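# Per-entry structural report
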Amino acid sequence: TISPYDEEYVVLIENNRTDVVVNSVKSLKDKEVIAINSTLAKYIETENNYELTVPNEVKEIDFEIEKKHRGQSYKIYKDNIEVNTYTLDVGENIFEIKVLNSFNEDNVYRYTITRLPSDNTYLRSLRLVSPEKEIEDFDKEVLEYNIEVENSYENIEVEAIAEDTTSRVRISGTTYLIEGYVNDVVIKVTSESRKTREYILHVVRKPRSNNLLKTL
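No experiment lies behind these values; they were computed from the predicted model shown.

### Looking at a nonpolar patch on the surface
- Side chains of Tyr176, Ile178 and Tyr181 sit close together on the surface and give an oily, nonpolar patch of about 350 Å² of accessible area.
- For Ile178, the location among the structural elements is in the loop between β16 (168-173) and β17 (182-190).

Listed below in structure tokens is the structure:
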């Protein structure tokens with residue numbers, strides 16, 4: 001699948017014999033090259049310093065670099081360590097492209113790329129562990145569910161797994177079931193960016209069956 005980020009940043013840098021052309025800074029997803037959408041990224045040039053903000057989905061980038069003079073060589077560093085792959089952590093990532101020419105003159109291009117935190121507040125799965133019961137037609141877009149359990153169950157245990165491993169899940173509300181009432185269990189998902197979403201289970205415990213024989 002092709003990402004919606006379908007525009008490239010084209011960066012032209014010139015500086016005497018140590019200049020290079022950074023044709024583009026691209027994001028990599030599933031090892032396929034996709035470009036960064038200019039409507040989502042902020043780009044600033046101050047001398048040889050560049051700032052770029054990318055969405056959380058961009059986990060790896062690539063620099064397409066064209067040397068402009070003979071004898072040029074370059075290396076790319078992240079946090080002062082030479083790297084060949086350019087993965088992005090959430091938050092600020094600093095890359096330096098160090099260019100050296102045949103006269104041992106050097107030039108450094110500094111990229112500060114900020115990867116935004118995840119906004120994902122969806123659940124991947126939701127079910128009852130006790131009693132063991134699948135929630136029929138679970139859909140991460142649907143926020144409320146009606147569930148009925150046998151009278152023999154006074155308590156329930158809910159398992160909720162977030163779609164994004166960086167999200168936190170908190171389960172609150174009634175886990176002790178009152179007979180004949182609607183007992184609400186609230187599952188709150190908080191994303192890495194602190195956005196929230198709540199799923200609600202409306203659980204009804206069936207009334208106790210009366211097996212006493214009526215006497216005439």
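There is more to say, and it comes next.
### Digging into the pairing of strand β10 (residues 91-100)
- Here strand β7 (residues 73-78) pairs with β10 via six bridges, running antiparallel. Looking at the pairing, Tyr77 lines up with Glu96 of β10.
- In this sheet, strand β11 (residues 106-115) lies alongside β10 in antiparallel orientation, the contact comprising ten bridges. Counted as the bridge partner of Phe95 is Tyr111 from β11.
- The turn joining β10 and β11, which pair antiparallel and follow one another in sequence, is formed by five residues; a positive phi near 60 degrees is taken by Asn104.

### Some thoughts on the confidence of the model for the protein
- Taken as a whole, the protein shows an average pLDDT of 78; of its residues, 75% reach a score of 70 or greater.
- Within the protein, the lowest mean pLDDT, 35, falls on strand β1 (residues 9-12), and the highest, 96, falls on β17.
- Low pLDDT, under 50, characterises residues 1-24; the predicted model gives this stretch 86 contacts beyond four residues in sequence or across chains.
- Counted against residues more than four places away or in other chains, residues 212-216, with its pLDDT under 50, gives zero contacts.

### Focus on the nonpolar core
- Formed by 18 residues in total, the largest nonpolar core has its most connected members in Leu126, Val158, Ile187, Leu201 and Val203.
- Membership of the second largest hydrophobic core comes to 17 residues, among which are Val54, Ile61, Ile76 and Ile97.

### Observations regarding the sheet that holds strand β13 (residues 133-134)
- Taken together, three strands build an open sheet; the order of strands is β13-β12-β15 and the sheet is antiparallel. Bordering the open sheet on either side are β13 and β15 (157-162), each of which pairs with just one other strand.
- As paired elements, strand β12 (residues 123-130) and β13 share two bridges and run antiparallel to each other. Looking across to β13, one finds that Arg127 is bridged to Glu134.

Rules used throughout
- Residues numbered from 1 in each chain as written.
- Predicted model: local features only at pLDDT ≥ 70, side-chain atom pairs only at ≥ 80, totals over all residues.
- Heavy atoms only, no water.
- Patch = residues over 30% accessible without salt bridge, like charges linked within 9 Å, V, L, I, M, F, W, Y side chains within 5 Å.
- Areas by Shrake-Rupley, 256 points an atom, 1.4 Å probe, with all protein chains shown as cover.
- Salt bridge = Lys/Arg side-chain N within 4 Å of Asp/Glu carboxyl O.
- Helix = DSSP H or I, 4+ residues; strand = E, 2+ residues; numbered from the N terminus.
- Pairing = 2+ DSSP bridges.
- pLDDT = per-residue confidence, 0-100.
- Contact = heavy atoms within 4.5 Å.
- Core = buried A, V, L, I, M, F, W, Y, C linked by side-chain atoms within 4.5 Å.
- Buried < 20%, exposed > 50% of the residue type's maximum accessible area, 1.4 Å probe, protein only.

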